[in-house]
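Structure assessment
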Amino acid sequence: MVKKIHGGDIYTDRKLPPDVKLVDFSANLNPLGMPQAVKDALCRDVDSYQNYPDPQCRQLRRAIGAYYGVPDDWIVCGNGAADVIWRLVLARKPRRALLPAPTFSEYAEALESVGCEICYYDLPQKAGFVPDEGFLDAVCPGVEICFFCNPNNPTGIAAKAEWVRRLMERCQKNGTLLVLDECFADFLEEEQRYTALPFLSAFPGTVILKAFTKMYAMAGIRLGYALCADRQLILQISQTGQAWSVSSPASSCGIAALTQRDFVQKTKRFIAEERNFLQKELENLGLQVYAGKANYLLFQAPTDDLPRRLERFGILIRSCGNYRGLDNRYCRVAVKNREDNTRLINGIRQVLKTEPGNAETERGKSGWQRQL
Ligand SMILES: Cc1ncc(COP(=O)(O)O)c(C=O)c1O
């Protein structure tokens, strides 16, 4: 059983002094924050929240359909992309699944909940976790479902659309339902070179997962969706689980978010610049950084307690020890703004130059390190 650990745990009391600000690099949310238009929509529609939301999410699905140029009945919305993953698995109850390792742990948790046997394909660490031919070969008769995250969490590695198309063909040939998680694809500078959206109509056995969570910093609102040309499957997912998985505030926010095309472009440029900065700085500290293209970076630290030691400085990063195929030396950090990124680099530098376990040296003799 995969341990249930995600990023974004800002709620545990870490007993930090009041003047040590907590900076969370463990959840990969847009550092530009929630767009103003989304905040405005959230407040504007407040009087409508006394009613039940539309269980069919008609307005929201129309907006998503118009955004991608696909019919509304190719879309099912949920309480975050995680909810869609669980409902899809519950609707299908597959007996055998293929997952790459490492990847997002929620797939395995959902599959295990229905007693599904999981076959893992270890992405080659020496090749920087880039998916290879072996993964395509691992799709064979009897594999009922395959999840593929592009760009992958936690590596940030993005597979090109031509390769993904081959995966779709392979799955179609073997009767395997393919779930392509593109929740982080919005952050790719050249998204069109990676996304499988243009192939969707030709491959009704492929589901694409998307979320408002990361790009629009709407993690607390909870809104995700799936796109698929198999209308029957979409209907099956929407009829699984409780009726009102998308709240009215979530729906208002989603519709407003889809108007924010300039914000998305601005974010892509911002992330690319800050990711390059962060990558260079991490490499200057002698750390091995993987070639991620999303709004986070995976790196290998020389010690397996870096996340715990950084907490003392009010810095949260994601230990990747619970990802199959990785150990506690692997860490994932979100790309944030320059001030926060610099604070992270200074914190890691400080930790690396002190002896492990010597909290006093790490904090400085006077107590907590307030300025990094
Ligand atoms: C790859 C991937 N897919 C889906 C999700 C779930 O997103 P949501 O918060 O919209 O449920 C996450 C969350 O971290 C993720 O990393």
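Attention here is on the structure that accompanies the text. All of these numbers come straight from a predicted model, not from anything done at the bench.

Things to note about the overall build of the chain
- On a plain count of helices and strands, the chain comes out with 12 helices and 13 strands.
- Relative to the compact-globule value of 21 Å for 372 residues, the chain shows a C-alpha radius of gyration of 21 Å, a close match.
- Taken over the C-alpha atoms alone, the chain extends approximately 65 × 55 × 35 Å along its principal axes.
- Out of the 372 residues belonging to the chain, those deemed buried represent 45%.
- Looking at the chain alone, contacts between residues at least 24 apart form 74% of all its contacts between residues at least 6 apart.

Here we look at the site of the ligand
- Surveying the vicinity of the ligand reveals the residues Gly80, Ala81, Ala82, Phe104, Cys149, Asn153, Asp181, Cys183, Ala211, Thr213, Ala219 and Gly224.
- A breakdown of the residues in the shell around the ligand according to their chemical character gives seven nonpolar, four polar and one charged.

As for helix 9 (residues 261-284)
- The end-to-end C-alpha separation of helix 9 is 35 Å, in line with the 34 Å expected for 24 residues at 1.5 Å each.
- Listing the buried residues of helix 9 in full gives Thr267, Ile271, Arg275, Leu278 and Leu282.
- Where helix 9 is buried, its residues contact strand 9 (288-289), strand 10 (296-300) and helix 11 (338-352).
- Phi for Gly286, located one or two positions after helix 9, is positive at around 85°.

Comments concerning the pairing of strand 6 (residues 177-181)
- With five of five residues buried, strand 6 lies mostly within the body of the structure.
- Going residue by residue along strand 6, you find Leu177, Val179 and Asp181 tucked away on one face and Leu178 and Leu180 tucked away on the opposite face as well.
- A crossover connection joins strand 5 (residues 145-149) to the parallel strand 6 through helix 6 (residues 161-174); in handedness this β-α-β unit is right-handed.
- By the bridge criterion, four bridges tie strand 6 to strand 7 (residues 206-211) in an arrangement that is parallel. Bridge assignment links Asp181 to a residue of strand 7, and that residue is Leu209.

Considerations on the sheet that holds strand 13 (residues 330-334)
- Taken in spatial order, the four strands make up an open sheet running 9-10-13-12, and their pairing is antiparallel. In this open sheet, the two strands that pair with only one neighbour each are strand 9 and strand 12 (318-319).
- Sheet topology note: the strand 10/strand 13 ladder contains five bridges and is antiparallel. Across the sheet, the residue bridging to Leu298 is Arg332, located in strand 13.
- This element, helix 9, spans strand 9 and strand 10 of the sheet and lies at about 10° to strand 10.

Some words on the sheet that holds strand 8 (residues 224-227)
- Pairing is mixed in the open sheet, where seven strands are placed in the order 2-8-7-6-5-3-4. At either end of the open sheet lies a strand with only one pairing partner, and these are strand 2 (75-78) and strand 4 (117-122). Going across the sheet, the axis of each strand differs from the next one's by a mean of 20°, ignoring polarity.
- Sheet topology places strand 3 (residues 96-101) next to strand 5; two bridges connect them, and they run parallel. Bridge assignment links Ala97 to a residue of strand 5, and that residue is Ile145.
- Sheet strands touched by helix 2 (residues 58-68): strand 2 and strand 8. Its angle to strand 2, the strand with the most contacts, is close to 125°.
- Its contacts with the sheet put helix 6 on strand 5, strand 6 and strand 7, and the angle it makes with strand 6 is roughly 155°.

Re unusual backbone geometry
- A cis amide bond, omega 0°, links Ala101 with the succeeding residue Pro102.
- Its location among the elements puts Pro102 in the loop between strand 3 and helix 4 (106-113).
- Here the amide bond leading from Asn153 into Pro154 is cis, since omega sits at 15°, within 30 degrees of zero.
- Mapped onto the elements of the fold, Pro154 is located in the loop between strand 5 and helix 6.
- A positive phi is found at Lys93, a non-glycine position, where the angle reads about 45°.
- Among the secondary structure elements, Lys93 is positioned in the loop between helix 3 (81-92) and strand 3.
- One non-glycine residue, Phe129, adopts positive backbone phi at about 65°.

Rules used throughout
- Residues numbered from 1 in each chain as written.
- Predicted model: local features only at pLDDT ≥ 70, side-chain atom pairs only at ≥ 80, totals over all residues.
- Helix = DSSP H or I, 4+ residues; strand = E, 2+ residues; numbered from the N terminus.
- Rg over C-alpha atoms; globule rule 2.2 N^0.38 Å.
- Buried ≥ 20, exposed ≤ 12 C-beta atoms within 10 Å, placed from the backbone.
- Contact = placed C-beta atoms within 7 Å.
- Near = placed C-beta within 6 Å.
- Nonpolar A, V, L, I, M, F, W, Y, C, P; charged D, E, K, R; others polar.
- Expected span 1.5 Å × (residues − 1).
- Right-handed = clockwise from strand over helix to strand, strands pointing away.
- Pairing = 2+ DSSP bridges.
- Axes fitted to C-alpha atoms, helices over the stretch in contact; angles between N-to-C directions.

Interpretation note: all reported values are geometric properties and have no functional meaning in isolation.
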